[in-house]
Amino acid sequence: MKFLQSSLILTLVTVGIFTMPQQVVGQNLNESQLLHPTTDIWPTHNGDYSGRRHSILTQINPTNVKDLALAWAFQTNQTATIKSSPLLVDGILYLTVPDNVWAVDARSGHMLWRYTYPPNKGDHIGQRGVAMYKGYIYFLGPDAHLLKLDAKDGKVIWNVVVADSAKGYWTTMAPLVIRNHIIVGVSGDMDNLPGIIRSIDADTGQSQWVWYATPPAGTPNTATGGPAWVTGTYDPDLNLTYWGTGNPTPVLQGSSRPGDNLYTCSIVALDPDTGKLKWAFQPSPHDTHDWDAVETPILIDGTVAGKPRKLLAQASRNGYFFVLDRTDGKDILTTTFGPTNWALGIDKKGQPIPNPEKDPARDGRLIAPEESGMNNYRSSSFDPKTGLFIVDAHPSWSIYFTKPEDGTYGWAGADYGLWGKAVIEAIDYHTGKVRWSRDFGTGGASAGVLTTDSGLTFTGDNHGNALALSTTDGKTLWHAGLGQGIASSPTTYMLDGRQYMLTSSGGVLFSFALPE
Amino acid sequence: MMKWTMSAVSLIAVLIAYNCSQNTVNAASTNAITQAASASHNSVLTHVIQASSAGMFAQAKAPAAAPIPVVENTDAVKAGSQVFQNNCAFCHGRDAAGGEEGPDLTRSKLVAEDKDGDKIFPVVRNGRAGTEMPAFNLSTAELNNLQAFIHYRAYISATQKGGRRGVDVSDLQTGNVEAGKLYFEGAGGCTKCHSATGDLAGIAKRYEGLALEQRMLNPSGGKNGVNLVKVTVTTAAGKTFTGSLAYQDEFTIGLTDSDSTYHSWPTHLVKFTVTDPVKAHIDMLPKYSDENIHDLMAYLQTLK
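The model shown is predicted, which means the values in this text are computed figures rather than measured ones.

### Brief notes about the overall build of chain B
Summing up its helical and strand segments, chain B has 13 helices and six strands in all. Relative to its full complement of 304 residues, chain B shows a buried share of 43%. Sequence-distant contacts, at least 24 apart, represent 56% of the contacts inside chain B between residues at least 6 apart.

See below:
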């Protein structure tokens, strides 16, 4: 366990941990816990600010994992699929599907409260979780509203507009909390709209700053788009927050938006206090295939040529794996992690050079990967011991079409997946080489990934089996058929001396632990 | 107070530009997507016809001109539009003509054959196994409105000339028949399994356009609904079962035998061999040039 810097908070929390039942601390989450989460909480979408989804827990290990058994299951009774990673603070889990938040006892799986958002016109494609700060839950409705809920009972404290859903924005993501900044991104590529990242005051709900990915709609010869719809990461030492931005609009037709279309399909480093851009790197310049570069930019404190470096790695939807210096955004490694056929090469900055012959066309272009990409919103994991970046990859092929009569608004074309398969790949971040991979067969991608210090990789296949693999070689050590595809990423925590692994399938949340 | 940040653009410039852009978008929205999302559905038809009359892309093989029954823009259509926007638009597009991955419903065979939801409702209620289509828990009223909206969009799509976003048969005519024949008989390796006068004779009568191209590139949908992937399982007792592959993951293998009976085994207790004739098609995906595909299409379209 690591402890806390602020002396006042240190005293309070220490009292809470060592001398009082945890309930006394009571649905509270402070800055120090966000900076240094202990193993009895999972306080942010990714568990910590680095986004690496790695736990230091070792109770469940490669030897005993074969005995892993169901501790409890929580039924949302919704047809909506769970895509969120539940937060865990003070023994209570906070879980979502669109329009719904549940508080669930992490020990027993029984419901404490449920909040239901009123009917609204937002797109209900998914809800990827909540954020927490102090005693409050921050939840995005489908209609691009941010709600502050009392963590004790789910009562609404305030409800503010992040973006105008009537224009075509919607929201699905788990906000990122940095001090009193609740940082949120939007979705919305069915319309020509600039993507935004907005910071909202945790107390008042006032907007603090807005960063625009692109110029306003209607600016000649520019793209709109670049919505940041997956939660970013944060380096407290550099005070920089890292976000991936989505594809440009019009989506498949690039003729009205010549050039690179900054800052769409980009990884951006922003000052969380001002929203000012520090640097940007663009995985897909002038994208015409809907390949958002929103996949979690994972922060790695690693080495390059033996020297310690502050790195950032992304397995991007377009099929490329990037390792950057996160102080300045300079490229260290660019490679592919599956079949791609759309780039002419790599430029001086380390960015792929799109092949104009592979832009969608009237008579079709064969493209790898398909539109949903080699990677998508489900989380990858970085295992520091082995240096492996483990991703649920989706090698795939498709055909892309566009023609002038499709116009230059919104989708502006059509694409059809031909074939794909699910593969869990372990990429060595030093070399970009795939050290092992596990092929789970034809179909869509499988599940998000979690690694632990005991050498386990928790994930799933694309049939609905939850899996524990050996991190060193990918061998299956445990499985449980959960009945439906796994659209979320697993998490883990330790309560009362017992390690739990959480995953979901369809609308059910499952908690696994070793037998008592 | 809001602070606005945007690299190299001042606060005032952003606000002015933003206001201008809103006007620009409004003025320029002669687009079916924007219009479909608005309440004024009656204007959709007008705009679509205006937009496509400049296009001049008639179908290469226009079906015999049967009159298309008019579908009115009723209150149910309007209510169904909202159900569709909330639940379906992400994948199928706001106007049901296709979006991220989801097929164009306005050209769907199932929608064309549907009567008052008899085909649509089961798919919406249950989802489609083996696809990305999930199940939705909608009320009967919502389902009724939803099918009304989908049929309305299909009508709009059918009555517009050319076609937005969908792929027309006329779009897939850029290949060279001779080059396609050469590729079919040579580098493509097609004749290892197929014959232009045998199994593929008349293929262009059975499929056309995008459906033909998709089937050419990946026919794993099967033949007359029968899975082409075969499996032979030998049990520890030495008994052999053969049939169509029905299920396979790391732990379980399942087949349907000639009697349509399903059998399954734990993979570690049996020996099995999977034979997938479609694999040759998948193996070709990294090898085709776009020209190869267009030429092959040109050639296959002569096999009538």
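### Overview of the pairing of strand β35 (residues 465–470) of chain A
Residues and elements named next belong to chain A. Among the six residues of β35, six are classified as buried, and the element is accordingly described as predominantly covered. Side chains of β35 alternate between two faces, with Asn 465, Leu 467 and Leu 469 and Ala 466, Ala 468 and Ser 470 buried alike. Where strand β34 (residues 456–460) meets β35, five bridges bridge the pair, whose relative direction is antiparallel. Following the sheet pairing, Thr 457 is matched in β35 by Leu 469. Counted along the chain from β34 to the antiparallel partner β35, the turn is four residues long, and its residue Gly 464 has a positive phi close to 100°.

### Section: the nonpolar core
Counting 55 residues, the largest nonpolar core has Tyr94(A) and Leu146(A) as its most contacted members. With 35 residues, the next largest nonpolar core counts Val97(A), Ala106(A), Leu456(A) and Leu495(A) among its residues.

### Considering the sheet that holds strand β4 (residues 252–256) of chain B
Residue and element names in this part refer to chain B. Spatially, β5-β4-β3-β2-β6 is the arrangement adopted by the five strands of the open sheet, whose pairing is antiparallel. Because the sheet does not close on itself, it has two edges, and the strands there are β5 (262–266) and β6 (271–275). Neighbour-to-neighbour, the strand axes of this sheet turn through a mean angle of 40°, independent of strand direction.

### Regarding the packing of helix α9 (residues 177–185) of chain B against helix α13 (residues 290–300) of chain B
Residues and elements named next belong to chain B. One way to put it is that α9 packs onto α13 with a least axis distance of 7 Å and a crossing angle of 100°. Considering the angle they form, α9 stands roughly perpendicular to α13. Across from Val 177, Ala 179, Gly 180, Lys 181, Tyr 183, Phe 184 and Glu 185 in α9, the residues of α13 making contact are Asn 292, Asp 295, Leu 296, Ala 298, Tyr 299 and Leu 300. By residue class, the composition of the contact of α9 with α13 is eight nonpolar, two polar and three charged.

### Regarding the sheet that holds strand β33 (residues 450–452) of chain A
Hydrogen bonding along the main chain pairs the strands of a sheet, whether they run parallel or antiparallel. Residue and element names in this part refer to chain A. Strand order in the open sheet formed by five strands is β1-β33-β34-β35-β36, with mixed pairing between adjacent strands. With one partner strand each, in any of the chains shown, β1 (54–55) and β36 (476–481) form the two edges of the open sheet. Strand direction decides the pairing type here: β1 and β33, joined by two bridges, are parallel. Counterpart to Ser 55 in the pairing with β33 is Thr 452.

### Describing helix α11 (residues 209–217) of chain B
Within α11(B), the full set of buried residues consists of Gly209(B), Leu210(B), Leu212(B), Glu213(B), Met216(B) and Leu217(B). All buried residues of α11(B) project into a common sector of 160° when viewed along the axis, lining one side. On the buried face of α11(B), the contacting elements are β30 (396–401) and β31 (414–428) of chain A together with α10 (203–206), α12 (279–284) and α13 of chain B.

### Points about the confidence of the model for chain B
Residues and elements named next belong to chain B. Looking at chain B, pLDDT values average 79 and 74% of them are 70 or higher. In the model, residues 1–64 has pLDDT below 50 throughout and makes 87 contacts with residues more than four positions away in sequence or in other chains. This prediction of the complex comes with two scores: 0.86 for pTM and 0.91 for ipTM.

How each quantity is defined
- Residues numbered from 1 in each chain as written.
- Chains lettered and ligands numbered in written order.
- Predicted model: local features only at pLDDT ≥ 70, side-chain atom pairs only at ≥ 80, totals over all residues.
- Heavy atoms only, no water.
- Helix = DSSP H or I, 4+ residues; strand = E, 2+ residues; numbered from the N terminus.
- Buried < 20%, exposed > 50% of the residue type's maximum accessible area, 1.4 Å probe, protein only.
- Contact = heavy atoms within 4.5 Å.
- Pairing = 2+ DSSP bridges.
- Core = buried A, V, L, I, M, F, W, Y, C linked by side-chain atoms within 4.5 Å.
- Axes fitted to C-alpha atoms, helices over the stretch in contact; angles between N-to-C directions.
- Parallel < 35°, antiparallel > 145°, perpendicular 65-115°, else oblique.
- Nonpolar A, V, L, I, M, F, W, Y, C, P; charged D, E, K, R; others polar.
- Arc of directions from axis to C-beta.
- pLDDT = per-residue confidence, 0-100.

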